[in-house]
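# Tertiary structure, described
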Amino acid sequence: MKILCSAVLLAVILCSQVKVALAAEFKVLVVMSYEANNPWVIEIREGIDSVLAASSEITYFHMDTKVSPAAGPRKGEEAYALYQRLQPDGVIVADDDAQAMFVVPFLKDKVRTPVMFNGVNNSAAKYGFPATNVSGILERAHVRESLAFAKQLIPSIRTACFMTNDVPAGRALRAQVEEEKETYPVKVGAFHLVKNTRGIDALAKHGHSACDTILIDSLEGIVDDTARPLNNKEVLEALRKVYSGPILGGNRYQVEQGAWAAVVKTGHEQGETSAEMLLKAMRGTPVARIPVVSNVRGQRVINVTALEAHQVVLKPTLLRGATLVRQQP
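Residues numbered from 1 in each chain as written. Predicted model: local features only at pLDDT ≥ 70, side-chain atom pairs only at ≥ 80, totals over all residues. Heavy atoms only, no water.

### Here's the deal with the overall build of the protein
On a plain count of helices and strands, the protein comes out with 12 helices and 13 strands. A burial count over the protein gives 52% of its 329 residues as buried. Taking the contacts inside the protein whose residues are at least 6 apart along the sequence as the reference set, 71% of them involve residues at least 24 apart. For the protein, the accessible surface area stands at approximately 15400 Å², while carbon and sulfur atoms represent 55% of it. (Helix = DSSP H or I, 4+ residues; strand = E, 2+ residues; numbered from the N terminus. Buried < 20%, exposed > 50% of the residue type's maximum accessible area, 1.4 Å probe, protein only. Contact = heavy atoms within 4.5 Å. Areas by Shrake-Rupley, 256 points an atom, 1.4 Å probe, with all protein chains shown as cover.)

The structure is reproduced here in structure tokens:
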């Protein structure tokens, strides 16, 4: 009996030691601007988890500003209350809304916790980044590369128009296009910032013939006539009803849901890079020695379903290195 009790006691001690050994090295708070099921958010989360899951206990908080923009400031306060409760070793904050409504008012130069941003479309200087405790990775669309790729696929393209939601990310893309347009392989036409489906419907009356192609990005969250926010797939369906020409995207999921092609930026790169930067900071590298960077990876993606439907012949040379996808039903 004594032997049995000793064995049980030893097992308990060993289990306790294993639990201690398995305890996370760090606590990390991740604040996302958008909702949990947003495809861009899912990509960012996968990138973060691939770097930090082995070393960190990660808590995710979603501000849902695509679907409930008016609640953003209140969500920023909730994120800060969660930060105060958790007292994390590091923070990652995704996309522009969370920078403006959470990092700037509550964390930047106010706490010692290292903060790494990702998915920021505006200039870092707009938010006062880098700061004593803030660095990260900017998000820049591969517009020039997408237009060059589209012109290889469809040589008749001469003018490109743009359409985004009238939100910080959309306005930042417009600023990028204005800055870069002289380097594009086609002329730049109208840039449509829309808030609702009426803005899409207006394309049928204004500018349709002037756009050989339309590049879309950040359209999730525009509302229909009942003020219901639409997801990207629903927005693309509405766009295709009034525009039959080539549609280009900025992200892979947009191509999978109806855009014809793109050289895409990835949330995986945003998540991985910001997580790697945070890990350095949590392990002792001063934030001042971790410079702000921009995304560099571009992936060519082709929606085979869309091109086949419009009888676009795919040249073998254009398929080399490209990812082919079938459109989601």
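### Notes on the nonpolar core
Judged by nonpolar contacts, the single largest core of 50 residues is most densely connected at F162, M163 and L239. Apart from the residues within four sequence positions on either side, M163 is in contact with H192, V194, G199, I200, L203, I214, L215, I216, D217, L219 and L239. (Core = buried A, V, L, I, M, F, W, Y, C linked by side-chain atoms within 4.5 Å.)

### A closer look at the pairing of strand β2 (residues 56-62)
Two elements, strand β1 (residues 26-32) and β2, share 7 bridges in a ladder whose sense is parallel. From the neighbouring strand, M32 faces β2, where its bridge partner is H62. Tracing the backbone out of β1, into helix α2 (residues 39-52) and back to the parallel element β2 gives a crossover that is right-handed. (Pairing = 2+ DSSP bridges. Right-handed = clockwise from strand over helix to strand, strands pointing away.)

### Some words on the confidence of the model for the protein
Taken as a whole, the protein shows an average pLDDT of 91; of its residues, 92% reach a score of 70 or greater. Confidence over residues 1-5 falls short of pLDDT 50; this stretch has 0 contacts with residues more than four positions distant or in other chains. This stretch, residues 12-21, has a pLDDT under 50; its non-local contacts, to residues over four places away or in other chains, come to 0 contacts. (pLDDT = per-residue confidence, 0-100.)

### Looking at the sheet that holds strand β3 (residues 90-94)
Pairing between the strands of a sheet comes from backbone hydrogen bonds, and it takes one of two forms, parallel or antiparallel. Read from one edge of the open sheet, 6 strands run β2-β1-β3-β4-β5-β11, paired in parallel fashion. At either margin of the open sheet sits one strand with a lone partner, and together these are β2 and β11 (293-294). Relative to strand β4 (residues 115-120), β3 is paired through 4 bridges, and the arrangement is parallel. Within the sheet, the bridge partner assigned to I92 lies in β4 and is M116. Contacts from α2 reach β1, β2, β3 and β4 within the one sheet, and its direction differs from that of β2 by about 165°. Where helix α10 (residues 267-282) meets the sheet, its contacts fall on β1, β2, β3, β4, β5 (134-138) and β11, and the angle it forms with β4 comes to roughly 165°. (Axes fitted to C-alpha atoms, helices over the stretch in contact; angles between N-to-C directions.)

### Thoughts on the pattern of salt bridges
One pass over the structure, following the stated rule, counts 15 salt bridges. Among the ionic pairs, K265 bridges to E139, the shortest N-O distance being 3.5 Å. Of this pair, K265 sits in the loop between β10 (261-264) and α10 while E139 sits in the loop between β5 and α5 (143-153); the two residues are 126 residues apart in sequence, bridging distant segments of the chain. Overall, K265 belongs to the buried group, its relative accessible area being 2%. (Salt bridge = Lys/Arg side-chain N within 4 Å of Asp/Glu carboxyl O.)

### Section: the pairing of strand β12 (residues 299-303)
Note: β10 against β12, 4 bridges, orientation antiparallel. Of the residues in β12, the one forming a bridge with A261 is I302. Both β12 and strand β13 (residues 323-325) contribute to a ladder of 3 bridges, which runs parallel. In the sheet register, N303 faces β13, and the bridge partner there is V325.

### Things to note about unusual backbone geometry
Glycine aside, residues mostly have negative phi angles, and peptide bonds mostly take the trans form. Cis rather than trans, the peptide bond between F129 and P130 has omega equal to 0°. For P130, the location among the structural elements is in the loop between β4 and β5. The backbone of Q87 sits at a positive phi, close to 50°, despite the residue not being glycine.

### Structural notes on the environment of G90
Note on placement: G90 falls in strand β3. Classification of G90 as buried rests on a relative accessible area of 0%. For the pair G90 and A281, spaced 191 residues apart in the sequence, the C-alpha separation amounts to 8.1 Å. Among residues more than four places away in sequence, those in contact with G90 are K27, V28, L29, T113, P114, L278 and M282.

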